[in-house]
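Each chain, written out:
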Amino acid sequence: MTYRTRSGLAGYLFVSGYTVLLLAFGVFPTVYAFYLALTNDRGQFTGLNQFVKVAQDYRFVPAFLNIALYLVLWLVSLVVLTVVVAIVLRGRMRPGLSAIFRFLYYVPGALAGVASVLVWLFMLDPGVSPASWLLDAMGFDSFAAVLAPGHLPVIFVLIAFWTGAGGWMVVMHGALNNIPDEVLEAARMDGAGQWRTAWHIQIPMIRKWIAYMTILAFAAGTQLFVEPQLLQTASLGRVSPTWSPNQLAYVYAFQHGDFNGAAAISVFLLALGLICAGLLVSRSDLFKVDEA
């Protein structure tokens, strides 16, 4: 057996585990969701009827508008703040202090989503929160006032940023470390300051990582479920049980017993994610191979 043959077999063996899991938990469920979305509960082909049915539901448009507003706030805050913090950690702090801050930023991400929501339920209740003075100063004198419908996108962004942004700050810091020191030194010799260097050199050179972060954060954001579901339970119904599309799909599946309609909503989310991911990939040259 030649060296090339052994290397090829090792490569196939290396990716086999991932391939099996991808097929079992990615490809097959997606195919089954398409099958359900195109049939009725008797297995009869119905074309686009399931999509039309869920789109005409009075809860469908509000749920997608809620998630759209959440995604805009979440992605803008994530991209801007993570990149800025990573640049500051890379250029303004001593290596030891930077490592401490990176660790502290990453710690909240170690918590499970449910635990993070429970922490924020405690923080947002003026009756028990250690930041009750701040909530009072903002005019929130009760838990119900904090959970007003107009505040929910911001609350979910705070929860998502607290749990997920720290890990991306570490990733962006690593991407910045891949920029050759000679390039940064040349910029300094040309008179570029810290922020001009960041805007014209560092950010363009890590744009693929920024696009990658945005795609994954967008995909995770469209699947928002745990946060509004727990807030809905904790607030005794003050939060809509169909605030997000995933919640609406859950109601279809487990309250109405309509798995075909739930699958149609899932396909809508999949199509939205693929379209946005395709636009980001094409605009950022994410998969473009740099020529030597």
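### A closer look at the packing of helix α3 (residues 60-91) against helix α10 (residues 194-205)
Here comes step 1: It is the contact of α3 with α10, at a shortest axis distance of 11 Å, that shows an interaxial angle of 115°. The pairing of α3 with α10 is recorded here as roughly perpendicular in orientation. Between α3 and α10 the crossing geometry is right-handed. The residues of α10 that touch α3, namely those facing Val 83, Val 84, Ile 87, Val 88, Arg 90 and Gly 91, are Gln 194, Trp 195, Ala 198, Gln 202 and Ile 203.
Here comes step 2: Its residues placed into classes, the contact of α3 with α10 shows seven nonpolar, three polar and one charged.

### Brief notes about the packing of aromatic side chains
Aromatic rings considered in pairs are described by the distance between their centres and by the relative angle of their planes.
Here comes step 1: Summed over the entire model, instances satisfying the criterion amount to eleven aromatic pairs.
Here comes step 2: Ring centres 6.0 Å apart and planes at 75° place the aromatic pair Trp 168 and Tyr 212 in the edge-to-face group. Taken as a pair, Trp 168 in helix α8 (residues 152-177) and Tyr 212 in helix α11 (residues 207-222) lie far apart in primary sequence, 44 residues in all.
Here comes step 3: In this structure Trp 168 comes out as buried when scored by relative accessible area, which is 16%.
Here comes step 4: Pairing Tyr 250 with Phe 254 gives two aromatic rings, centres 5.1 Å apart and planes at 45°, and the pair type is tilted. Taken together, the residues span about one helical turn, with Tyr 250 and Phe 254 both in helix α13 (residues 245-254) at a distance of four residues.
Here comes step 5: Given a relative accessible area of 33%, Tyr 250 falls into the partly exposed group.

Each value, and the rule that gives it
Residues numbered from 1 in each chain as written. Predicted model: local features only at pLDDT ≥ 70, side-chain atom pairs only at ≥ 80, totals over all residues. Heavy atoms only, no water. Axes fitted to C-alpha atoms, helices over the stretch in contact; angles between N-to-C directions. Helix = DSSP H or I, 4+ residues; strand = E, 2+ residues; numbered from the N terminus. Parallel < 35°, antiparallel > 145°, perpendicular 65-115°, else oblique. Left-handed = near helix turned anticlockwise from the far one by under 90°. Contact = heavy atoms within 4.5 Å. Nonpolar A, V, L, I, M, F, W, Y, C, P; charged D, E, K, R; others polar. Phe/Tyr/Trp six-rings, centres within 6.5 Å; stacked < 30°, edge-to-face > 60°. Buried < 20%, exposed > 50% of the residue type's maximum accessible area, 1.4 Å probe, protein only.

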